[in-house]
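Commentary on secondary and tertiary structure
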Amino acid sequence: MFPIFPNPFPDELLFGLLTRLSHSLLHPSQSALTTLLVGSSKVFRPSIFFPSDFDRVLGNLPGNHTLGKIDLVSKHTLHPLFDQDPSAIRYLGKPKGCYLFSCESCRKSDASEYGIAYWHRSHQIPGALVCYRHRTPLQWSLSNQGPHPRESGRQRFLLMPEEIEWMYSPPEAPGLLTYRDDYHIPSGTKFDKCELESWFRFHQFSQSILSGVSMIDDYCDIVWQRVSDLDSDESYADTIRKSVKSLLRRSGREIHYLYRLPRNPEGAARAVLETLYGPIRKIYHLIFLLEALSIVPVRAKSTEA
Amino acid sequence: MSYTSADYKKCGLPEFDCNPLISALPPVLTDEEAVLALSRRPMYDPGVRSLPAHLRQHAVNAILHLFQPLSQHIDLEDKFSRMIRAGYERRIPTDLRYFATASENARKVSLESKSTSAALGFNLVGTSGAGKTTAINRILDLYPQVIEHTRYKGQDIYHVQLVWLKLECPHDGSIKAICYHFLEKVDEALGTSYRKLYKSRSTLDELIPIVAQTAGNHTLGALVIDEIQHLSTAKSGGSSRMLNFFVELTNRMSMPVMLVGTPKAISLMSRELRSARRACGQGEAIWYNIPQNEEWEILLEGLWEYQYTKNMTPLTAEISDVLYDECQGITDFAVKLYMLSQIRAISQGIEIITPALIRSVASDSLESAKPFLYSLRTRDFSSLANYEDVIVPIGFAREAKRRTPSVPKSKKTASSQASSVEDRKSKKSASPRSKQSSQGPTGIASVHAESDKDSNYSKLEEKGLIADKDELD
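Residues numbered from 1 in each chain as written. Chains lettered and ligands numbered in written order. Predicted model: local features only at pLDDT ≥ 70, side-chain atom pairs only at ≥ 80, totals over all residues. Heavy atoms only, no water.

1. Overview of the overall build of chain A
In terms of regular secondary structure, chain A is built from eleven helices and five strands. Of all intrachain contacts in chain A linking residues separated by at least 6 positions in sequence, the fraction that spans at least 24 positions is 65%. Of the roughly 12,900 Å² of accessible surface on chain A, a fraction of 49% belongs to carbon and sulfur atoms. (Helix = DSSP H or I, 4+ residues; strand = E, 2+ residues; numbered from the N terminus. Contact = heavy atoms within 4.5 Å. Areas by Shrake-Rupley, 256 points an atom, 1.4 Å probe, with all protein chains shown as cover.)

Here it is as structure tokens:
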């Protein structure tokens with residue numbers, strides 16, 4: 001039994017609760033912590049999406065602990081993006097080579113409000129590249145091992161955002177995210193405003209689904225209708241439309257290719273959508289549709305100019 | 001394991017009422033309430049006196065469970081109550097920042113840092129057998145050791161509060177041993193497995209923040225370290241590092257540390273200036289043997305009810321005098337003498353407690369303590385200074401230092417070190433071990449070496465060197 005499981009902060013990822021527990025125990029060894037959490041030294045790899053052994057973790061909490069499973073699942077995991085019924089839990093493993101995301105501004109405001117920066121659920125939405133609160137681009141964990149980097153031969157396990165290094169773009173796609181002044185981001189870099197705006201909206205939609213207030217189906221229908229109304233001569237819009245339709249049928253494997261979405265929606269989405277299901281799949285539809293609605297006209301205008 | 005659920009009570013003090021850790025504690029007691037709460041009177045049925053002798057000899061053991069509160073106990077309860085609440089005032093687990101700040105502070109705890117005193121804890125020093133441990137245990141029993149918080153003022157918050165933890169200083173005075181002991185005691189109280197969790201952490205640099213962090217995570221209210229005089233056997237520099245550790249815990253974690261020990265510990269603690277200042281947080285408690293006054297009478301009256309001989313012996317002035325003479329106000333001896341006298345009265349068929357019986361039992365049972373009791377009886381402080389477990393009024397030590405400024409450092413005794421705080425600074429390599437008993441005449445002894453033993457007390461009293469107990473509080 002471990003009677004010090006942290007009380008969750010708003011928008012804190014369940015995985016983040018585990019890292020905070022580990023931090024408040026001064027990071028015990030992985031096997032010792034695993035034994036503490038699940039009662040045996042069986043290998044326990046806490047997934048970023050939803051820790052698969054979490055039933056056992058919850059079973060080890062003191063009887064009167066105020067954390068409830070349903071509450072945890074719906075408020076502190078990405079599960080609602082995949083299934084809006086919190087009782088039907090799907091256990092999601094951590095995709096291999098998965099990065100974690102964090103917003104620099106959130107880290108600063110967390111530190112002043114909560115004394116420590118914590119892992120936000122909303123930053124880990126697959127494909128989210130912009131913080132929906134600050135409109136700033138999310139930073140990438142330096143190691144694609146997520147928060148489990150090896151340090152001087154000893155594996156450190158479950159680290160807090162302040163304990164790992166951050167970068168603004170992954171090494172394999174340098175300069176992917178750069179900013180404009182109106183997004184309060186370092187200047188001197190290139191970024192397509194529409195691109196950022198559409199990702200910001202994407203994040204907002206995802207976040208609204210997580211907080212259970214989204215009418216995503218309605219949005220989809222409206223936007224889809226508007227896409228259908230677009231002039232069929234518009235070649236780019238047509239491409240998008242076709243992509244969306246085809247993507248629904250095709251398969252892909254690795255969701256971390258999502259970062260390619262703004263630049264290469266078709267290729268990225270193809271690689272992505274097969275592995276996704278539930279509401280998030282609709283968000284991807286929506287984002288493609290938004291691409292069609294917002295980016296296309298702008299590009300069309302610039303072409304005209 | 002189930003914990004005591006928090007029951008928040010208001011007392012009217014705003015700073016107490018808005019703090020879940022304080023308002024979940026039992027109410028602050030008045031002196032009268034403290035007497036009632038501390039008092040422990042085992043069941044006694046006068047009918048037991050008619051039972052066969054072999055059974056009554058067992059029944060006598062009930063006296064060991066008796067606790068008769070005296071004024072020093074009430075004073076101690078008051079100090080402890082103030083200490084634990086003062087420590088909690090700045091710790092509020094419902095404050096979102098509390099745990100992060102505690103973690104940050106725990107990582108800063110170090111044996112080397114020199115923080116300033118926060119004066120939260122205090123020390124209890126008393127003659128061996130004065131009942132320090134029993135009294136502390138009684139006081140700790142007034143508080144639930146673990147309190148579980150689940151909801152406070154409409155806010156869901158799960159927190160397990162560890163109200164107190166009592167450890168014994170390890171015999172070798174090792175910091176590592178006390179760190180492991182700390183974790184084991186926490187596990188015992190909470191049903192956790194911290195000791196196992198950190199089994200791979202073996203260096204002091206790793207263990208010290210772990211202790212601080214564990215104390216912070218469970219908002220430990222008071223850490224009581226008993227038998228602190230064991231520190232005198234620590235390796236060179238070990239005792240000051242250990243005391244520094246306690247100061248660090250108190251300052252950084254706002255967690256009061258209470259040190260309990262025999263006078264042998266005074267010399268150790270006084271050498272550390274910061275620790276000496278800290279000791280004054282709630283006023284230091286020094287317990288001498290009980291003087292033969294109304295306190296002694298209260299103790300005897302409390303004891304006297306528990307008679308297992310066939311005939312009830314009334315408490316007379318003669319018996320009181322004889323008992324005092326034999327035990328010299330040391331409660332442990334008084335209780336044991338009273339018990340053993342009854343056992344002998346029963347076994348020999350006398351079935352009544354007489355002064356002669358008490359003297360005979362004392363002569364047999366307190367054999368090893370005889371020289372010490374003799375010194376107390378004759379107020380022979382020069383001899384008493386050879387006993388490290390007995391309080392010698394501080395005035396003696398001061399005088400000893402003034403008169404013998406040229407005593408080589410290596411030969412200084414614990415008593416002279418008690419007042420040599422400045423001296424400590426220039427004496428980094430001094431051994432904390434003070435082998436008074438094996439080094440012949442001590443500082444006090446040297447002061448009085450030429451004096452007539454029987455008149456030592458009166459001579460020193462004339463010179464105003466004997467501090468009154470109240471002045472030392």
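2. Details of the overall build of chain B
Regarding its fold elements, chain B presents 25 helices and eight strands. Going through the 473 residues of chain B one by one, you find that 55% of them count as buried. Pairs at least 24 residues apart make up 78% of the contacts formed inside chain B by residues separated by at least 6 positions. About 19,900 Å² of surface is accessible on chain B, with carbon and sulfur atoms providing 51% of the total. (Buried < 20%, exposed > 50% of the residue type's maximum accessible area, 1.4 Å probe, protein only.)

3. Here's the deal with the nonpolar core
A general tendency of soluble globular proteins is for nonpolar side chains to be buried together. Phe5(A), Phe182(B), Leu223(B), Ile225(B), Phe245(B) and Phe246(B) are the most contacted members of the largest nonpolar core, which totals 78 residues. Sort the elements by how many residues they give to this core and helix 8 (residues 175-190) of chain B lands first, with nine residues. With near-sequence residues (within four places) excluded, Phe5(A) lies in contact with Leu17(A), Leu18(A), Leu21(A), Phe54(A), Val57(A), Leu61(A), His65(A) and Leu67(A). Counting residues in each nonpolar core, the second largest holds 39 residues, with Leu70(B), Ile290(B), Ala334(B) and Phe372(B) among its members. (Core = buried A, V, L, I, M, F, W, Y, C linked by side-chain atoms within 4.5 Å.)

4. Considerations on the sheet that holds strand 6 (residues 222-226) of chain B
Residue and element names in this part refer to chain B. Here we have five strands laid out as an open sheet, ordered 5-6-7-2-8, and parallel in their pairing. Two strands close off the open sheet at either side, each with one partner strand: strand 5 (164-168) and strand 8 (285-287). The sheet shows a mean angle of 15 degrees between the axes of neighbouring strands, direction not considered. On top of the sheet, helix 11 (residues 238-253) reaches strand 6 and strand 7 (257-261); it is set at about 150 degrees to strand 7, its chief contact. (Pairing = 2+ DSSP bridges. Axes fitted to C-alpha atoms, helices over the stretch in contact; angles between N-to-C directions.)

5. Some thoughts on the interface of chain A and chain B
Interface size is commonly expressed as the accessible surface area that is lost when the partners come together. Between chain A and chain B, the contact holds 27 residues from the first and 27 residues from the second. Taken together, both faces of the contact between chain A and chain B bury some 2,300 Å²; the carbon and sulfur share is 57%. Inspection of the region where chain A meets chain B yields seven residue pairs in polar contact (both at pLDDT 80 or more). For the side of chain A that touches chain B, the secondary structure elements donating two or more residues are helix 1 (14-24), helix 2 (30-38) and helix 6 (104-114) of chain A. Among the elements that line the side of chain A that touches chain B, the one with the most residues is helix 6 of chain A, at four residues. Across the side of chain A that touches chain B, the residue classes tally to 14 nonpolar, ten polar and three charged. (Buried area = accessible area lost by both parts, 1.4 Å probe. Polar contact = N/O pair within 3.5 Å; in protein donor to acceptor, adjacent residues only side chain to side chain. Nonpolar A, V, L, I, M, F, W, Y, C, P; charged D, E, K, R; others polar.)

6. Some points on the confidence of the model for chain B
Averaged over all residues, the pLDDT of chain B equals 79, while 75% of them reach at least 70. Of the regions scoring below 50 in pLDDT, residues 393-456 of chain B engages in 96 contacts with residues more than four places distant in sequence or in other chains. (pLDDT = per-residue confidence, 0-100.)

7. Describing helix 8 of chain B
Residue and element names in this part refer to chain B. For helix 8, spanning 16 residues, the distance from its first C-alpha to its last is 22 Å, which sits close to the expected 22 Å at 1.5 Å a residue. Those residues of helix 8 that fall on the buried side of the exposure criterion are Ile 175, Ile 178, Cys 179, Tyr 180, Phe 182, Leu 183, Val 186, Asp 187, Ala 189 and Leu 190. With a side-chain oxygen positioned 3.4 Å from the backbone nitrogen of Lys 176, the residue opening helix 8 is Ser 174. (Expected span 1.5 Å × (residues − 1).)

8. Description of the pattern of salt bridges
Residues and elements named next belong to chain B. Counted by the stated rule, this structure contains 19 salt bridges over all chains. With its nearest N and O atoms 3.1 Å apart, the salt bridge here joins Asp 78 to Arg 82. Remark: Arg 82 and Asp 78 occur in helix 5 (residues 71-88); sequence separation between them is four residues, near one turn of the helix. A relative accessible area of 32% means that Asp 78 is categorised as partly exposed. Between Lys 108 and Glu 104 there is a salt bridge, and its shortest N-O distance comes to 3.9 Å. Of the two residues, Lys 108 and Glu 104 are both situated in helix 6 (residues 98-108); the distance of four residues between them amounts to about one turn of the helix. Taking relative accessible area as the criterion, Lys 108 reaches 41% and is therefore assigned partly exposed. (Salt bridge = Lys/Arg side-chain N within 4 Å of Asp/Glu carboxyl O.)

9. Notes on the confidence of the model for chain A
Residue and element names in this part refer to chain A. Summary statistics for chain A give a mean pLDDT of 61 and a share of 37% for residues scoring 70 or more. Mean pLDDT per element in chain A: strand 3 (residues 150-151) is the minimum at 41, and helix 6 is the maximum at 92. Counting interchain partners and residues more than four positions distant, the pLDDT-below-50 stretch residues 91-97 has 20 contacts. Contacts for the low-pLDDT stretch residues 292-305, under 50 throughout, to residues beyond four places or in other chains number 18 contacts.

10. Focus on the side chain of Asp187(B)
Residue and element names in this part refer to chain B. If you trace the backbone, Asp 187 turns up in helix 8. Arg 195 provides the closest opposite charge to the buried, salt-bridge-free Asp 187, at an N-O distance of 7.0 Å. In this structure the side chain of Asp 187 is engaged in a polar contact, spanning 2.9 Å, whose partner is the backbone nitrogen of Arg 195. (Lys, Arg positive; Asp, Glu negative; His and termini not counted.)

11. Observations regarding the sheet that holds strand 2 (residues 139-141) of chain A
Read from one edge of the open sheet, three strands run 1-2-5 (chain A), paired in antiparallel fashion. For this open sheet the edge positions go to strand 1 (101-102) and strand 5 (166-167) of chain A, each flanked by a neighbour on one side alone.

12. Points about the pairing of strand 7 of chain B
Residue and element names in this part refer to chain B. In terms of burial, strand 7 is a largely internal element, five of the five residues being buried. Alternating residues of strand 7 divide into Val 257, Leu 259 and Gly 261 and Met 258 and Val 260, and every residue in both groups is buried. Judged from the three bridges that link them, strand 2 (residues 123-126) and strand 7 form a sheet pairing that is parallel. The residue of strand 7 that forms the bridge with Leu 124 is Val 260. Looking at chain direction, strand 6 and strand 7 are connected through three bridges and run parallel. Among the inter-strand pairings, Val 224 is bridged to a residue of strand 7, identified as Met 258.

13. Some points on the environment of Asn244(B)
As for its position among the elements, Asn244(B) is in helix 11. When the C-alpha positions of Asn244(B) and Asn61(B) are compared, they lie 41 Å apart, and in sequence the two are 183 residues distant.

14. Concerning the packing of helix 5 of chain B against helix 7 (residues 132-141) of chain B
All names here are of chain B. For the pair helix 5 and helix 7, the least separation of the axes is 10 Å and the interaxial angle reads 50 degrees. Judged by the angle between their axes, helix 5 and helix 7 are oblique. At the point where helix 5 passes helix 7, the crossing takes the right-handed sense. Here His 73, Leu 76, Glu 77 and Phe 80 of helix 5 come into contact with helix 7, specifically with Ala 135, Ile 136, Ile 139 and Leu 140. In terms of residue class, the contact of helix 5 with helix 7 is built from six nonpolar, one polar and one charged. (Parallel < 35°, antiparallel > 145°, perpendicular 65-115°, else oblique. Left-handed = near helix turned anticlockwise from the far one by under 90°.)

15. As for the side chain of Thr331(B)
Residue and element names in this part refer to chain B. Inspection of the secondary structure puts Thr 331 in helix 16 (residues 331-347). Its relative accessible area of 13% is what places Thr 331 among the buried residues. Once residues lying within four places of it in the same chain are set aside, the contact partners of Thr 331 are Gly 129, Ala 130, Gly 131, Ile 290 and Leu 299.

16. Let's talk about unusual backbone geometry
Backbone geometry at Leu26(A) places phi at a positive 60 degrees, although glycine is not the residue there. Tracing the backbone through its elements, the reader meets Leu26(A) in the loop between helix 1 and helix 2. Phi at Lys153(B) takes a positive value of approximately 50 degrees, unusual for a residue other than glycine. For Lys153(B), a relative accessible area of 61% corresponds to the exposed category.

17. Considerations on the packing of aromatic side chains
Tallying each qualifying case throughout the model produces twelve aromatic pairs over all chains. Pairing Tyr98(B) with Phe99(B) gives two aromatic rings, centres 4.8 Å apart and planes at 80 degrees, and the pair type is edge-to-face. Site record: aromatic cluster; members linked through ring pairs are Phe9(A), Tyr114(A) and Tyr118(A). Lying across the ring of Phe9(A), Arg20(A) places its NZ or CZ 3.8 Å from the centre. It is Arg195(B) that lies over the ring of Tyr180(B); its NZ or CZ is 3.9 Å from the centre. (Phe/Tyr/Trp six-rings, centres within 6.5 Å; stacked < 30°, edge-to-face > 60°. Lys NZ or Arg CZ within 6 Å of the ring centre and 35° of its normal.)

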